[in-house]
Amino acid sequence: MAEPQVASLISSQIAPPSSRAAQRALLVGTLLSLVVVGAGLMLSAEPVWAQARGANPPVAATNPSGPTPVIVPPISAEPISARLIIRLEQVERQAAELTGRIEVLEAMLAKQQASQDRLVQELEAERANQSAVAVSGARVADIATVESSPAAAQDAQALVDDVAPAPAPPPGADSLFSAAQLALQRGDYQTAESNLTNLVTNFPTAPEGIEGRWLLGETRFVQSAWGPAAEAYLSYLDAAPQGGRASESLVRLAGAFGQMGNAKLRCSALDEFKRRTPNPDPTLKARADAEVARSPCPAT
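Residues numbered from 1 in each chain as written. Predicted model: local features only at pLDDT ≥ 70, side-chain atom pairs only at ≥ 80, totals over all residues. Heavy atoms only, no water.

### Regarding empty space enclosed by the protein
Then comes step 1: Within the structure shown, the criterion is met by one cavity of 30 Å³ or more.
Then comes step 2: Volume-wise, the largest cavity comes out at about 50 Å³.
Then comes step 3: What lines the largest cavity is Glu-89, Glu-92, Arg-93, Ala-290, Ala-293 and Arg-294.
Then comes step 4: Listing elements by their share of the lining of the largest cavity, those giving two or more residues are α3 (78–110) and α12 (282–294).
Then comes step 5: Residue composition of the lining of the largest cavity, by class: two nonpolar, no polar and four charged. (1 Å grid on protein atoms, 1.4 Å probe; cavity = no way out; pocket = protein on both sides within 12 Å on 5 of 7 lines; lining within 4 Å. Points joined across faces, edges and corners; volume = space filled by probe spheres on them. Helix = DSSP H or I, 4+ residues; strand = E, 2+ residues; numbered from the N terminus. Nonpolar A, V, L, I, M, F, W, Y, C, P; charged D, E, K, R; others polar.)

### Here we look at the packing of helix α10 (residues 246–260) against helix α11 (residues 263–276)
Then comes step 1: Across the interface, α10 lies against α11 with an axial gap of 8 Å and an inter-helix angle of 165 degrees. Classified by the angle between their axes, α10 and α11 sit roughly antiparallel to one another. Crossing geometry of α10 relative to α11 is assigned as left-handed. Contacts from Ala-246, Ser-247, Leu-250, Val-251, Ala-254, Phe-257 and Gly-258 of α10 reach α11 at Leu-265, Arg-266, Ala-269, Leu-270, Glu-272, Phe-273 and Arg-276. (Axes fitted to C-alpha atoms, helices over the stretch in contact; angles between N-to-C directions. Parallel < 35°, antiparallel > 145°, perpendicular 65-115°, else oblique. Left-handed = near helix turned anticlockwise from the far one by under 90°. Contact = heavy atoms within 4.5 Å.)

### Some points on the packing of aromatic side chains
Then comes step 1: Within this structure, the stated rule accounts for one aromatic pair.
Then comes step 2: Ring geometry for Phe-221 against Trp-226: centres 5.1 Å apart, planes inclined by 80 degrees, an arrangement best described as edge-to-face.
Then comes step 3: The ring of Trp-214 has Arg-245 sitting right over it, with the charged end atom 3.8 Å from the ring centre.
Then comes step 4: Above the ring of Phe-221, the side-chain terminus of Arg-252 is found at 4.5 Å from the ring centroid. (Phe/Tyr/Trp six-rings, centres within 6.5 Å; stacked < 30°, edge-to-face > 60°. Lys NZ or Arg CZ within 6 Å of the ring centre and 35° of its normal.)

### Digging into the pattern of salt bridges
Then comes step 1: A complete count under the given rule lists ten salt bridges for this structure.
Then comes step 2: When the shortest N-O distance is used, the salt bridge between Arg-252 and Glu-218 registers 3.1 Å. Here Arg-252 is found in helix α10, whereas its partner Glu-218 is found in helix α8 (residues 207–222), with 34 residues between them in sequence.
Then comes step 3: Here Glu-218 falls in the buried class, since its relative accessible area comes to 2%.
Then comes step 4: Glu-291 is the partner of Arg-266 in a salt bridge, and the nearest nitrogen-oxygen pair spans 2.9 Å. One end of the pair, Arg-266, is in helix α11; the other, Glu-291, is in helix α12, and 25 residues separate them in sequence.
Then comes step 5: For Arg-266, a relative accessible area of 5% translates into the label buried.
Then comes step 6: For Glu-291, a relative accessible area of 6% translates into the label buried. (Salt bridge = Lys/Arg side-chain N within 4 Å of Asp/Glu carboxyl O. Buried < 20%, exposed > 50% of the residue type's maximum accessible area, 1.4 Å probe, protein only.)

### Notes on the state of the cysteines
In a disulfide, the sulfur atoms of two cysteines are held together by a covalent bond.
Then comes step 1: Inspection of every chain in the model, using the stated rule, returns one disulfide.
Then comes step 2: One disulfide bridge connects Cys-267 with Cys-297, the sulfur atoms lying 2.1 Å from each other. Every disulfide takes its handedness from the sign of the S-S torsion; for Cys-267 and Cys-297 that torsion is -95 degrees, giving left-handed. Of the two residues, Cys-267 sits in helix α11 while Cys-297 sits in the segment after α12, which places them 30 residues apart along the sequence.
Then comes step 3: The exposure class of Cys-297 is partly exposed, given its relative accessible area of 25%. (Disulfide = S-S within 2.5 Å.)

### As for α11
Then comes step 1: Taking 1.5 Å of rise per residue, the 14 residues of α11 would be expected to cover 20 Å, and the 20 Å separating its terminal C-alpha atoms lies within 8% of that figure.
Then comes step 2: Lining the buried residues of α11 we find α10 and α12. (Expected span 1.5 Å × (residues − 1).)

### What to know about the environment of Ala-256
Then comes step 1: By secondary structure assignment, the location of Ala-256 is in helix α10.
Then comes step 2: Judged by relative accessible area, Ala-256 falls into the buried class, the value being 0%.
Then comes step 3: For the pair formed by Ala-256 and Arg-266, sequence separation is ten residues and the distance between their alpha carbons is 7.8 Å.
Then comes step 4: Not counting the four nearest positions on each side in its chain, Ala-256 is found in contact with Phe-221, Trp-226 and Ala-230.

Laid out in structure tokens, this is it:
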């Protein structure tokens, strides 16, 4: 009896409809059938998807006489997420270190033009001094030629003594700071540290001397000299507690203390940074967040 029904259904599908309304009715009926079939398939597959996500744990069969049921454990993505978190922390630490080195280079390039102008002025002054010495020497030669008496010789010697070039003055604060920047650009950290130490010792209150304290800390920090770097940052904070590098020095100071294993001083430096800088710029905030992520401090 089912064969005549199937034949009639096929013949009704093949036979041309008498009007557009019949075609639309046929199309709607076909679509409704597909929707019902798709919904049934989705409902039948839902337990399988739930078990794969771990939402519904598998239930063993209750037939005591049958074989032992096989329980498939739910799939977990926890190991993958843990590896992603660890990798993200490594990338953040590398980004913070690269940011610190970029800022050191930016500070050096900011004053490179000024140092070049300073060197040009010093060269021009040296040329003028050499010209004056040459003129004085010519005058002495003329006097010696005209008068050959011992008195004339004494006068000529006195003239030479009067016009002898003065000894070169010691380098100033700006020259020492520029020399340290050039040494850092070459990667010569020893020379840069020597110039900066001379700068902060001989010109402690000069603007270059105060800025040099922070740059001395940066120079030691990139060499992993944590103790001397912390001393330089503390020296800067003492000289300029409200200076433009104060907040940055606190973050660097926390990093140095952390590398030395002094968690108490590290957390104190981070707390002072948060108190002084409630709204840091994005670069400084990223560096501070990376430092906090290395080892969170207890809540105060």
